[in-house]
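Okay, here's what each chain looks like letter by letter:
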Amino acid sequence: MKTSIKLIFAFAAVALFFGVLTSCDPQHANCQRELDRVLNSEEGQTMTADQIMVRFSKIRITKWDEMRGVGAVIDIKATNVNTPPQEGVSYISPKTGSVMVFTMGDFDENFHAAGKVDIVSREDHWGNPMENRADSVTYFVQSRGKSIYTIYSYKEETDSLGAVKSIRTTEPRILYVYPGADSIFVTRGSEETQQTFILKKDKE
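Caption draft 1: Local environment of the overall build of the chain. Of the regular secondary structure elements, the chain holds four helices and nine strands. Listed by position from the N terminus, the elements making up the chain come as α-α-α-α-β-β-β-β-β-β-β-β-β. Taking all 204 residues of the chain together, 39% fall into the buried category. In the chain, the share of contacts with a sequence separation of at least 24, taken over all contacts with a separation of at least 6, comes to 53%. Accessible surface computed for the chain: about 12200 Å², of which carbon and sulfur atoms make up 56%.

Right, here's the structure in full:
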């Protein structure tokens, strides 16, 4: 009996230890890592909008998750309409100053893309504003249905034999195009990283 009690306390201590390790990072970092891991899994590469929203539903977050500061949430009120972003126009984030410009069409010979997006990023790896940064990157756009999109690129990796392989890598970001395509909601799995890109309208 005493041995059983000791084992219970030992398992509890281990669980608490790993929980503390996880909680050392801010919640938005843990959420983004989870989103990254899922989207780049074999299952995540082909997830539909419905599957993404179920997988990252708020109701799946337990009290234990909240205590540890983990649990990515994608809270989007999507409809059955699949709205594409407008082409050749600038979507600007008032929060970070980042800019997105889309060109629709299948530009990926290996994987049927919905288009590509040029992003001038004025934010850090976690989506926080960085005024002195203006990195320009082009991604392919993958439609998940219901106006929900993800973006991906190819990165070269060298295996143990020295061979260079091109690996498709999905960014830990979910894009939702609002009806009318006048704005795009972007999240990295947490409230802290949410931002809305607004269509820049020409002055009349």
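Caption draft 2: Representation of the packing of aromatic side chains in the model. Counting across every chain of the model gives six aromatic pairs. A ring pair is formed by Y91 and F102, whose centres lie 5.9 Å apart and whose planes are at 85°; its orientation type is edge-to-face. Placement of the pair is Y91 in strand 1 (residues 90-92) and F102 in strand 2 (residues 99-104), with a sequence separation of eleven residues. Across the pair, exposure class does not vary: Y91 and F102 are buried alike. Following the ring pairs from residue to residue traces out a cluster consisting of F111, F140, Y152 and Y154. The positively charged end of R168 is found above the aromatic ring belonging to F111, 3.7 Å away from the centroid.

Caption draft 3: Quick peek at the pairing of strand 2. Side chains of strand 2 alternate between two faces, with M100, F102 and M104 buried and V99, V101 and T103 left unburied. Relative to strand 2, strand 1 is paired through three bridges, and the arrangement is antiparallel. Within the sheet, the bridge partner assigned to Y91 lies in strand 2 and is M100. Counted between consecutive antiparallel strands, the loop separating strand 1 from strand 2 contains six residues, among which G97 sits at a positive phi close to 85°. Two strands pair when backbone bridges link them, and strand 2 and strand 3 (residues 115-121) are joined in this way by six bridges, in the antiparallel orientation. Its bridge partner lying in strand 3, M100 is registered against I119.

Caption draft 4: Examining the nonpolar core more closely. Ranked by internal contacts, the top residues of the largest apolar core, which has 17 residues, are Y91, M100, F102, V117, I151, L175 and I184. At the level of secondary structure, the elements contributing two or more residues to this core comprise strand 2, strand 3, strand 4 (135-145), strand 5 (148-158), strand 7 (174-177), strand 8 (183-187) and strand 9 (195-199). The biggest single contributor to this core is strand 2, with three residues. If we skip the residues at most four places from it in the chain, L175 touches M100, F102, S147, I148, Y149, I151, I184, F185 and V186.

Caption draft 5: How the structure looks around the environment of V54. Mapped onto the secondary structure, V54 falls in helix 3 (residues 49-55). Sequence separation between V54 and D75 is 21 residues, and the spatial gap between their C-alpha atoms is 9.9 Å.

Caption draft 6: Seen up close, the pairing of strand 7. Residue alternation in strand 7 divides its side chains into two sets, I174 and Y176 and L175 and V177, and both sets are buried. Looking at chain direction, strand 5 and strand 7 are connected through two bridges and run antiparallel. Along strand 7, the bridge assignment pairs Y149 with L175. Linking two consecutive strands that pair antiparallel, namely strand 7 and strand 8, is a turn of five residues; a positive phi of about 90° is found at G180 within it.

Caption draft 7: Region of the structure containing helix 2 (residues 27-39). Taking 1.5 Å as the rise per residue, helix 2 with 13 residues should run 18 Å; its terminal C-alpha atoms sit 18 Å apart, in good agreement. Restricting attention to buried positions, one finds in helix 2 the residues H28, A29, N30, C31, Q32, E34, L35, V38 and L39.

Caption draft 8: Local environment of the pattern of salt bridges. Under the counting rule described, the total for this entry stands at six salt bridges. Across the pair E34 and R55 runs a salt bridge, and its minimum N-O distance is 3.2 Å. Pair noted here: E34 is in helix 2 and R55 is in helix 3, with a separation of 21 residues, a long-range link. Put simply, R173 and E171 hold a salt bridge, and the shortest N to O gap is 3.0 Å. Grouping residues by exposure puts R173 and E171 together as buried.

Rules used throughout
Numbers given for residues are sequential positions, taken from 1 along each chain in its written order. pLDDT decides what is reported in this predicted model: residues at 70 or higher carry local features, side-chain atom pairs at 80 or more are listed and counted, and totals for whole chains, interfaces and linings draw on all residues regardless. Hydrogens are left out, water is left out, and the side-chain values use all remaining heavy atoms of the structure. For helices the rule is a DSSP run of H or I covering at least 4 residues; for strands it is a run of E covering at least 2, with both sets numbered from the N terminus onward. Here's how the labels work: a residue is buried when its accessible area is under 20% of the maximum for its type, exposed when over 50%, partly exposed in between, all with a 1.4 Å probe on protein chains only. Note on contacts: a residue pair qualifies if any of its non-hydrogen atoms lie within 4.5 Å across the two residues. Here the Shrake-Rupley method, with its probe set to 1.4 Å, supplies the accessible areas, and only the displayed protein chains count as covering residues. The pairing test for Phe, Tyr and Trp rings, Trp by its six-membered ring, is centres within 6.5 Å, and the orientation test on the planes gives stacked under 30 degrees, edge-to-face over 60, and tilted for anything in between. A ring is considered to have a charge above it if a Lys NZ or an Arg CZ atom is located within 6 Å of its centre and within 35 degrees of its normal. Two strands make a pair as long as DSSP finds a minimum of two bridges between them. Nine residue types can take part in a nonpolar core, namely buried Ala, Val, Leu, Ile, Met, Phe, Trp, Tyr and Cys, and a core is a set of them joined through side-chain atoms within 4.5 Å. Each helix should span, by expectation, one fewer than its residue count multiplied by 1.5 Å. Whenever Lys or Arg places a side-chain nitrogen within 4 Å of a carboxyl oxygen from Asp or Glu, that contact is recorded as a salt bridge.

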